[in-house]
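# Architecture and fold: a report
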Amino acid sequence: LLDPIVNDAFIREFIEAAPDALLVVDSGGRIVLVNTQLEHLFGYARHELAGKAIEILVPERFRSNHEGYRMDFVGSPRTRAMGAGRSLWGRKKDGVEFPVEISLSPVPAGSEHFVAAAVRDVTEARRSAATLRAAERLVALATLAAGIAHEINNPLTTVMASLDLALESVSSWRAIGASAPPAELVEALTDAKQAAKTVGEIVQSMRVLARGETGRLQPVDVNKLLDQSLILIANSVKYSARIVKEFGDLAPVMADPPQLAQVFLNVLVNAAQAFSEASAVRNEIRIATRMDGARVLIEIGDNGRGIPEAIRERIFEPFFTTKDVGQGMGLGLSITRSIVKALGGEITFESAAHRGTVFRIALPSTSFSTEAEWPATRPPIAATAPRASAAQPDEDVSPRKGARKRIRVLVIDDDIGVARTLARGLAKECDVDILTDGREAIDRLSTEHGYDLVLCDLMMPSVTGADVYREVMTKRPESADRFVFITGGAFTDAGRRFLETVDAPVVRKPFDLRAVRALVRSRARR
Ligand SMILES: Nc1ncnc2c1ncn2[C@@H]1O[C@H](COP(=O)(O)OP(=O)(O)OP(=O)(O)O)[C@@H](O)[C@H]1O
Ligand SMILES: [Mg+2]
């Protein structure tokens, strides 16, 4: 009876040639035929399977059900995929279980009803589907993060600038004859400002994460930037690890320096945190740079604990961390990767348990030289508060006594909180008018020509900052250099393109009031 199937050399060859693992069982569920692929897949030799119940290939926990399913199939045989809607598992000789897809075909031969099955190992397919789901989840998460970051930004701008103002105000009490402010008031305000700054940094990180937003790109000397980044961590690393530098000659890369510094810092801090015990003798952080074709290669390695195999796939996920609460948020590497990608680069790593980890960052090099101002025509962007911090000393308010005329400023921002804070912050040296609507701003600017400066929010409902600018330009092109744009950074493509075409400074929220004042002065003086 079996002869037509088993003994026909042609059919045997045919079965062997199939890419899938194939087997045939009789109506009693006993194995009568397998091909080599099936032997390999399940780890059994042919003779070990011949005549055995098919359940030998099924994990124990599914065996009793399997017999029932098999009866059903014999009752109404037709070619179909097995176990629609269920995930199926195979069991190898050594007990390892793996996901499979199985298609069944009835093979009637005389009075016997054989069933042929093709078995496919879908471990890889399942894994990539899971990766895809994870990627989709990340996109959703990033979109959410960007939305939240955007919503937080305006109130945060108000909080930060108001705290600046409050601090300035209490520190001038003495000057106006009042007694010194109580120390705890100054402390409380300073702490609040520091905390608000941290929120600002998180918001900024979210943005980079979600949109791969880059700042202003310019040619950067990577070795120099690495040195500057190292200074920032030097103190905290001094006793816990030795730092070894092997810098090669490099071409510059196009990057936003503070952002690229953040990339280096994130990886350096991780390296510094990779040691279980502090020991400047045993522990080493090695930083090497060299050219790799047209790319600049930066390696940051440590001989710390290494990254366990099980989490290697996840370390770039936002909020994935193995560190204690307060130690790490799990954002470092995800932000790092977004920035590196946005610069057209790549970040990879190698790790071995207890031997250490090397992160490798490759960035495209540029032929622009770091000496050149690039692009030469753009005025500098006023830095965001977290970056600028105490860097700019406040200019003397009245260099020549009584000589300065007051500057007239129009602030246009749909967020009244932001607009008022700006007005308050500039009140000492400027007369400020506020408008919260782009349409009104256009009307005002077409009748009122006395403003020295227009501080205009870019993203406003219906009439945007770009609309205001374009409309005013048609009537009074000479006022082009009076415009300064304010932005929450969440550029639309149109917004981005607009900023590339206009030659106007951009202030990012949350801003540092002192930086805005300095900008207002320098623009008004022109
Ligand atoms: N050099 C390293 N050695 C060992 N583990 C590392 C190293 N770099 C990263 N990791 C692992 O990857 C995880 C994610 O790193 P990531 O920088 O994204 O977040 P974090 O350091 O935990 O927190 P954050 O950077 O937000 O402070 C870490 O928690 C750690 O488990
Ligand atoms: Mg980190």
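Before any of the text, the structure's been laid out above.
Quick summary incoming for the structure in this document. Treat the numbers as computed from the prediction; the structure is a model and nothing was measured. (Residues numbered from 1 in each chain as written. Chains lettered and ligands numbered in written order. Predicted model: local features only at pLDDT ≥ 70, side-chain atom pairs only at ≥ 80, totals over all residues. Heavy atoms only, no water.)

### Overview of the side chain of N266
So the rule is basically this: Secondary structure elements follow DSSP: runs of H or I no shorter than four residues count as helices, runs of E no shorter than two count as strands, and numbering proceeds from the N terminus. The cut-offs for exposure are 20% and 50% of the maximum accessible area for each residue type, with area from a 1.4 Å probe on protein chains only; residues under the lower value are buried, those over the upper are exposed, and the others partly exposed. When checking whether two residues touch, look at their non-hydrogen atoms; a contact exists if any pair is within 4.5 Å.
Tracing the backbone through its elements, the reader meets N266 in helix α9 (residues 257-272). You can call N266 buried: its relative accessible area is 16%. Other than its neighbours up to four places away in sequence, N266 contacts G332, I335 and T336.

### Thoughts on the pattern of salt bridges
Quick reminder of the rule: Any carboxyl oxygen of Asp or Glu within 4 Å of a side-chain nitrogen of Lys or Arg constitutes a salt bridge here.
Enumeration according to the criterion identifies 33 salt bridges in this entry. Residues D26 and R30 are paired through a salt bridge, measuring 3.8 Å at the closest nitrogen-oxygen approach. According to the relative accessible area criterion, D26 is buried, its value standing at 13%. Judged by relative accessible area, which is 41%, R30 ranks as partly exposed. Residue D457 is joined to K509 by a salt bridge in which the shortest nitrogen-to-oxygen separation is 3.6 Å. With D457 in strand β16 (residues 453-457) and K509 in the loop between β18 (506-508) and α16 (513-525), this residue pair connects regions lying 52 residues apart in the sequence. By the burial criterion, D457 is buried, and K509 matches it.

### Things to note about the sheet that holds strand β14 (residues 407-412)
Short version of the rule: Two strands pair if DSSP finds at least two bridges between them. Only the stretch in contact is used when a helix axis is fitted, and all axes are lines through C-alpha atoms; the angle between N-to-C directions ranges over 0 to 180 degrees.
Reading across from one edge, β15-β14-β16-β17-β18 is the order of the 5 strands in this open sheet, with parallel pairing throughout. In this open sheet, the two strands that pair with only one neighbour each are β15 (430-435) and β18. Within the sheet, the average angular offset between the axes of one strand and its neighbour, ignoring direction, is 20°. Looking at chain direction, β14 and β16 are connected through 4 bridges and run parallel. Within β16, the residue paired with L410 across the bridge is V454. Strands in contact with helix α14 (residues 465-475) are β14, β16 and β17 (483-487); relative to β17, the strand with the most contacts, it is inclined by about 165°.

### Quick notes on the nonpolar core
To keep it simple, the criterion reads: By convention a nonpolar core is built from buried Ala, Val, Leu, Ile, Met, Phe, Trp, Tyr and Cys residues, the set being connected through side-chain atoms within 4.5 Å.
In this structure, L260, F264, I285, I298 and I361 are the most contacted members of the largest nonpolar core, which totals 39 residues. At the level of elements, α8 (222-237), β9 (253-255), α9, β10 (284-292), β11 (295-302), α10 (332-342) and β13 (356-364) are the ones that each hand at least two residues to this core. At 8 residues, α9 tops the list of elements feeding residues into this core. The contacts of I361, once residues within four sequence positions are left out, are V263, F264, V267, V296, L297, I298, V340, E346 and I347. With 24 residues, the next largest nonpolar core counts A441, V454, L458 and V502 among its residues.

### A short note on unusual backbone geometry
Following K509, the chain continues into P510 via a peptide bond in cis, with omega recorded as -5°. Even without being a glycine, S462 presents a positive backbone phi close to 55°. For S462, the position within the fold is in the loop between β16 and α14. Since its relative accessible area comes to 70%, S462 is described here as exposed.

### Some points on a nonpolar patch on the surface
Condition: Exposure above 30% relative accessible area and the absence of a salt bridge qualify a residue for a patch, where like charges join within 9 Å and nonpolar side chains (Val, Leu, Ile, Met, Phe, Trp, Tyr) within 5 Å. Each accessible area is a Shrake-Rupley result for a 1.4 Å probe, and residues are judged covered by the shown protein chains and nothing else.
Taken together, the side chains of L141, L144, I148, I152, V199 and F319 make up a nonpolar region of the molecular surface, amounting to roughly 480 Å² of accessible area. In this structure, F319 sits in the loop between β11 and α10. F319 gets classed as partly exposed once you look at its relative accessible area, which sits at 41%.

### Side note on helix α13 (residues 438-447)
Counted only if it meets this: Working note: the arc is built from the helix axis to C-beta atom directions. By the criterion applied in these results, polar contacts are pairs of N or O atoms within 3.5 Å in which, for protein atoms, one can donate a hydrogen and the other can accept it, and in which residues neighboring in sequence qualify only through two side-chain atoms.
Turning to α13, its buried residues number three or more, namely G438, A441, I442 and L445. Along α13, the residues classed as buried sweep out an arc of 100° about the axis, all on the same side. Of the surrounding secondary structure, the elements contacted by the buried residues of α13 are β14, β15, β16, α14 and β17. Capping of α13 at its N-terminal end is provided by D437; its side-chain oxygen lies 2.8 Å from the backbone amide nitrogen of R439.

### Overview of the side chain of S229
As for its position among the elements, S229 is in helix α8. A distance of 2.8 Å separates the side chain of S229 from the backbone oxygen of L225, its partner in a polar contact. When near neighbours in sequence (up to four residues on either side) are disregarded, S229 contacts A261, F264, L265 and L268.

### Regarding the pairing of β10
Sheet analysis places strand β8 (residues 242-247) next to β10, joined by 6 bridges and oriented parallel. Its bridge partner being in β10, F247 is matched across the sheet by T289. Here β10 pairs with β11 via 8 bridges, running antiparallel. From the neighbouring strand, T289 faces β11, where its bridge partner is I298. The loop that links β10 with its antiparallel partner β11 comprises 2 residues; one of these, G293, has a positive phi angle of about 65°.

### What about the site of ligand 1?
Keep this limit in mind: We define proximity as follows: a residue is near a molecule or strand when any one of its heavy atoms falls within 4 Å of that partner. As a working rule, the residues Ala, Val, Leu, Ile, Met, Phe, Trp, Tyr, Cys and Pro are called nonpolar, Asp, Glu, Lys and Arg charged, and the rest polar, with Gly in that last group.
Taken together, 21 residues surround ligand 1, and among them N270, T321, T322, K323 and L333 come closest. Measuring from an oxygen atom of ligand 1, one finds a side-chain N or O atom of T321 at 2.5 Å. At a separation of 2.4 Å, an oxygen atom of ligand 1 approaches a polar side-chain atom of T322. When ligand 1 sits alone it has 590 Å² of accessible area, and the protein chains cover 91% of it. When contributions to the shell around ligand 1 are tallied by element, the ones reaching two or more residues are α9, α10 and β13. Of the residues contributing to the shell around ligand 1, the split by class is 10 nonpolar, 9 polar and 2 charged.

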